Amino acid sequence: MKRIKTLGKTLFFTFTTLLLSACALPGIGGQAGEESISIAGLASTEGQIMAFMVEGMVEHYMDVDAQVVNNLGTSSMAHQAMVNGDVNITGVKYTGTSLTGDLGRDPITDPELAYDTVVELFAEEHQQKWFPTYGFANTYAFMVTRELAEEHDLETISDLEPIAGELRAGVDNSWMEREGDGYRAFLDTYEFDFQRVTPMQIGLVYDALQAGEMDIVLGYSTDGRIASYDLVVLEDDRQLFPPYDASPLASYEVLEAYPQLESIFLKMENTITNEQMQELNFAADNNLIEPKVVATQFLEENNYFEDKEPFLESANNEGGDTNG
Amino acid sequence: MVDVTEMSMIQQLIYYMGQNGAYVWSQFLRHFLISIYGVVFASIVGIPIGFWLARHAKMADWAIGAANVIQTIPSLAMLSILMLGLGVGADTVVMTVFLYSLLPILKNTYAGVRNVDHSLLDAGKGMGMTRWQLTYKVELPLALSVIMAGIRNALVVAIGITAIGTFIGAGGLGDIITRGVNATDGGSIILAGTIPTAFMAIISDLFLGWLEKKVDPSNRTKK
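Please read these numbers as outputs of a predicted model, since none were measured by experiment.

> Whenever I open this one, the overall build of chain B confuses me. Can you help?
When its secondary structure is counted, chain B shows nine helices and zero strands. Listing the helices and strands of chain B from first to last along the sequence gives α-α-α-α-α-α-α-α-α. Referenced to the eigenvectors of the C-alpha coordinate spread, the extents of chain B come out at roughly 80 × 45 × 20 Å. Residue pairs in contact within chain B that sit at least 24 positions apart in sequence constitute 74% of those at least 6 positions apart.

> Is there a simple way to think about the domain arrangement of chain A in this case?
Much of the literature gives interface size as the accessible area that the parts lose upon coming together. Residues and elements named next belong to chain A. By domain assignment, chain A separates into domain 1 (33–137 + 244–305) and domain 2 (140–233). Distance from the C-alpha centre of domain 1 to the C-alpha centre of domain 2: 28 Å. On the domain 2 side, the residues contacting the 13 residues of domain 1 number ten residues. For the side of domain 1 that touches domain 2, the element with the most residues is helix H12 (residues 274–286), which contributes nine residues. A class-by-class count of the residues in the side of domain 1 that touches domain 2 yields five nonpolar, four polar and four charged.

> Quick question: what am I supposed to make of the sheet that holds strand S8 (residues 216–220) of chain A here?
Note: strands within a sheet are paired through backbone hydrogen bonds, in either parallel or antiparallel orientation. Residue and element names in this part refer to chain A. A sheet is described by the order of its strands in space; here five strands give the open sequence S7-S6-S8-S5-S9, paired in mixed fashion. Each edge of the open sheet carries a strand with a single partner, namely strand S7 (196–200) and strand S9 (231–233). If you compare each strand with its neighbour and ignore which way they point, the axes differ by 35° on average. Relative to S7, strand S6 (residues 168–172) is paired through five bridges, and the arrangement is parallel. Following the sheet pairing, Gly170 is matched in S7 by Thr198.

> What's the story with the environment of B:Ser101 in this structure? I'm lost.
Its location among the elements puts B:Ser101 in helix H4 (residues 90–114). Leave out the neighbours within four places in its chain, and B:Ser101 touches B:Gly38, B:Val39, B:Ala42, B:Ala154 and B:Ala158.

> In this structure, what is going on with the interface of chain B and chain A? I would like to understand it.
Facing 41 residues of chain B, the contacting portion of chain A comprises 34 residues. If you list the elements that add at least two residues to the side of chain B that touches chain A, you get helix H1 (9–55), H4, helix H6 (131–164), helix H7 (173–182) and helix H8 (187–215) of chain B. Element by element, the count of residues in the side of chain B that touches chain A is highest for H1(B), at 19 residues.

> Can you help me understand the nonpolar core in this one?
Most often, soluble globular proteins keep nonpolar side chains buried together rather than apart. Ranked by internal contacts, the top residues of the largest apolar core, which has 135 residues, are A:Ile39, A:Ala40 and A:Val217. Tallying contributions element by element places H1(B) first for this core, with 15 residues. Lining this core are residues from two domains, each supplying at least three of them: domain 1 (33–137 + 244–305) and domain 2 (140–233) of chain A. In this structure A:Val217 touches A:Met143, A:Ala169, A:Gly170, A:Val171, A:Val205, A:Tyr206, A:Ala208 and A:Leu209, once residues within four positions along its chain are discounted.

> I'm lost on the packing of H12(A) against helix H13 (residues 291–301) of chain A in this one. Help?
Packed helices, taken two at a time, are described by the angle their axes make and the gap between the axes. All names here are of chain A. One can describe the packing of H12 onto H13 by two numbers: an axis separation of 9 Å at closest approach and a directional angle of 145°. Both H12 and H13 take part in a crossing whose hand is right-handed. Every residue of H13 that contacts H12 at Leu280, Ala283 and Ala284 is listed here: Pro291, Val294 and Phe298. Looking at the contact of H12 with H13 residue by residue, the classes come out as six nonpolar, no polar and no charged.

> Would you mind showing me how to read the sheet that holds strand S3 (residues 89–94) of chain A here?
Residues and elements named next belong to chain A. Sheet architecture is open: five strands sit in the order S2-S1-S3-S10-S4, paired in mixed fashion. Only two strands of the sheet have a single partner each, and these edge strands are strand S2 (66–72) and strand S4 (128–130). Across the sheet, the axes of successive neighbouring strands diverge by a mean angle of 30°, strand direction being ignored. Relative to S2, strand S1 (residues 37–42) runs parallel, the two being bridged by five bridges. Paired with Ala40 across the bridge in S2 is Val69. Against the sheet, helix H5 (residues 111–126) engages S4 and strand S10 (246–251), with an angle of about 170° to S4.

Parameters at a glance
- Residues numbered from 1 in each chain as written.
- Chains lettered and ligands numbered in written order.
- Predicted model: local features only at pLDDT ≥ 70, side-chain atom pairs only at ≥ 80, totals over all residues.
- Helix = DSSP H or I, 4+ residues; strand = E, 2+ residues; numbered from the N terminus.
- Contact = placed C-beta atoms within 7 Å.
- Domains from an automatic or database assignment.
- Nonpolar A, V, L, I, M, F, W, Y, C, P; charged D, E, K, R; others polar.
- Pairing = 2+ DSSP bridges.
- Axes fitted to C-alpha atoms, helices over the stretch in contact; angles between N-to-C directions.
- Core = buried A, V, L, I, M, F, W, Y, C linked by C-beta atoms within 7 Å.
- Buried ≥ 20, exposed ≤ 12 C-beta atoms within 10 Å, placed from the backbone.
- Left-handed = near helix turned anticlockwise from the far one by under 90°.

Rendered as structure tokens:
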């Protein structure tokens, strides 16, 4: 009996130490520790694509196994996971969201000032490094059909002024009541109104525009349907909407452990345009291709940006691209 | 480019599998491993405790009661509570599966060992077997099929719990299901996540059921 007892005890302790030391179980990876790279992916399609993109780049250039912690509902949940140390990289962060959400500051409409502010505040308050943007921004944007844009020569929101009185506008529900960049702010900034403004669910606005039920809608600038319906995004020439430039974020701890990460993120600077992001989102949302597959295909098409500065040697194919 | 909106749901499902087969397979393996790890750890802990409890019947009510209480906590709540302490990721889900698997394994081990015929134990004792030999050569083989039934039960439940693990970033087939729910026209994606999950549960159940029969000593003596 005593032997059983001791046997049980030994097994129990082996087990608990195994789990408590958070040692990686083969096949499923472990929690983030000092040795592992964990990337937070959001619940949004774009957030997942970008997390898998970072994973693909890390595994291509470094001989380590990176891990995507997927489906973290919102940007603030990913922030919490970063602060707790459950993950040490976030695939995509947006200046506007982080400024008002994670950092609790007032919105800043000047893109450069907003960027400088988040870089500084994340370094000071959270010991995290905010990298230069991927090149796309997922912001609110007014968009019209190509026909209407060509007919009236529309490029910016201000161009709408002469015809706005005849336009039916479809906008996001929550935008109507938003402070700072909502409907009221729009009236103050641009000083004109539409014939009628209909609040609706954000996912429906693109189809409403396509179907001709609306003449102009407010949507997200990287949505895949912009590309597929051939919509024209109007430039926000009076900077009503705060910038939502997309960047990767990494903790100083992981950058210290893997100095190569820094050059990987710099390599990814300005590599993806709004139009490209629209296409990637479209592939995942409408063409039934998983974000991970979309990300891998994109990286392969672009040869993992091997020809872009800063040059790095690939970990996978020895003696590969070294002509840099 | 194929226009997927024109396809029926079944065609979409086939197209989806063609495009993302490798991804679905990797999530399938991950899902399976998370469930298995939890159940294996629970067996390592639960079976010895079950044996011990069989000899300390007074403690048994108390211990099985405690395991019962764990079982009554909804799995989403349990995941969230553990997430506070252990953080997000697969390890937390393994821990949750472990806790839920304890009860069926503990209970079945206890019942299996208690039901071993006393005369057989006495016979063993009469043959000069030590306590350890009795446990290992008489009780364990006789209780094994009941213990297996507990493990089988635990594994099927575990596969279901792991699907919820997606909410704390553990990955697995739950990732595919949530994506399908969020997508505008995601019926086929939901199927692509649920069919393999159900398939996994059914196959493991059948396999363990077969194993259970195989180790049942009453089957062996018939031959």
